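Observations on the model geometry
Below are the chains, spelled out letter by letter.
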Amino acid sequence: MNITYSIAHGFFKLLSRLPFRALYSLSDAIYPLIYHVVRYRRSLVRKHLVTSFPEKSKDEIHDIERGFYHFLCDYFVEAIKLLTITREEFLRRIKFSGVEEMEKCFDEGQTCAFILGHYCNWEYLTKVGLALQRHPDAIMGAIYHPLNNEVFDRLFIEIREHLCGTCVPKNETLRYLVNYRREGIMSVFGYVSDQTPKWNNIHLWLPFLGHDTPVFTNGEKLMRKMNNAVFYVEITRPRRGYYNIDLQLITRTPNELEENAVTKEFFKRLEETIRREPKYYLWTHNRWKRTHEEFDRRFKVVNGKVIPRGEEK
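Residues numbered from 1 in each chain as written. Predicted model: local features only at pLDDT ≥ 70, side-chain atom pairs only at ≥ 80, totals over all residues. Heavy atoms only, no water.

1. What to know about the environment of Phe 68
Here Phe 68 lies in helix H4 (residues 58–81). On a C-alpha basis, the gap between Phe 68 and Ala 29 in space is 15 Å, while along the polypeptide they are 39 residues apart. With residues near it in sequence (within four places) discarded, Phe 68 still touches Val 45, Lys 279, Tyr 281, Leu 282, Trp 283 and Thr 284. (Helix = DSSP H or I, 4+ residues; strand = E, 2+ residues; numbered from the N terminus. Contact = heavy atoms within 4.5 Å.)

2. A few points about the environment of Lys 104
In this fold, Lys 104 is placed in helix H6 (residues 99–107). Among the residues examined, Lys 104 registers a relative accessible area of 39% and is labelled partly exposed. The spatial distance from the C-alpha of Lys 104 to the C-alpha of Thr 4 is 45 Å, given a sequence separation of 100 residues. Those residues in contact with Lys 104 that sit more than four places away from it in its chain are Arg 134 and Arg 252. (Buried < 20%, exposed > 50% of the residue type's maximum accessible area, 1.4 Å probe, protein only.)

3. Quick look at a nonpolar patch on the surface
A cluster of nonpolar residues, Leu 33, Val 37, Val 38 and Tyr 40, forms a patch on the protein surface that exposes about 390 Å² of accessible area. Residue position: Val 37 is located in helix H2 (residues 20–38). (Patch = residues over 30% accessible without salt bridge, like charges linked within 9 Å, V, L, I, M, F, W, Y side chains within 5 Å. Areas by Shrake-Rupley, 256 points an atom, 1.4 Å probe, with all protein chains shown as cover. Salt bridge = Lys/Arg side-chain N within 4 Å of Asp/Glu carboxyl O.)

4. Let's talk about the sheet that holds strand E1 (residues 94–97)
Read across the sheet, 7 strands follow the order E1-E9-E8-E2-E5-E3-E4 without closing on themselves; strand pairing throughout is mixed. Two strands bound the open sheet, and with one partner strand each, they are E1 and strand E4 (166–169). On average, each strand axis in the sheet is tilted by 30 degrees relative to the strand beside it, whichever way the strands run. Judged from the 4 bridges that link them, E1 and strand E9 (residues 242–251) form a sheet pairing that is parallel. Opposite Phe 96, over in E9, you have Ile 245 as the bridge partner. Along the sheet face, helix H8 (residues 173–182) touches strand E3 (139–144), E4 and strand E5 (187–192) and points at about 165 degrees away from the line of E5. (Pairing = 2+ DSSP bridges. Axes fitted to C-alpha atoms, helices over the stretch in contact; angles between N-to-C directions.)

The structure is reproduced here in structure tokens:
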């Protein structure tokens, strides 16, 4: 595995040293292969777009679909570029707003949490520490689920930790949070919260893009436990290679809100973001593979726990 990783790492690092213009030319070359030849998850993407936007015409759906696959190829080369990008080039291309509000929280001893979806290039959020003025040593925690492919798992950890950022395995998040608090270290952890939970983790269903959608609530539980200031992250792409990342404060007192209020607000804002520019959402993820009808048929909630029907005690 070390030999395989060394070869792959060397190749991608060499690739990342190409200028953006060359990388986008590579993206343009990859696009027809992914979209027309491999047809990567095209039927799933088409299904998601049609059911999410029933008001749109066939031509509009096709335009979004093609735009999405173009962006997916751009996402890949942009992520690779993060292996070697300089601080100066990154800050020239990425504009942050709302950072002052986050630093104000740090000034007052309150740690923060970002809640975001798979929209635009979410990998860039791991570099928000580069925009900090008064708290350059604050920890930027990127919560991630280890990939099955060890080569790509190690590669993406390096991408997310280059310049700044600390990768935190999903199952160890609380331990990291508690340790940083104990040591008096300011931190902000990013929760990409629009994945599909496993059956036993479904505790809330919300309307999202025209679907009855099972959603994660564990992120909000951690935010409440740590009394984080919670920011919704809206990423926009004014033109190719440039992003605006807006940190929008949802609350500094999550425990004063009703249960699941943060999660509901997140999905409301995320849908508004997607509807403005739908091609930048990750439509290849099989987000609605679990239905409410199947859940009710197979499972039951007992004392707050999801258990298979027939196993109630």
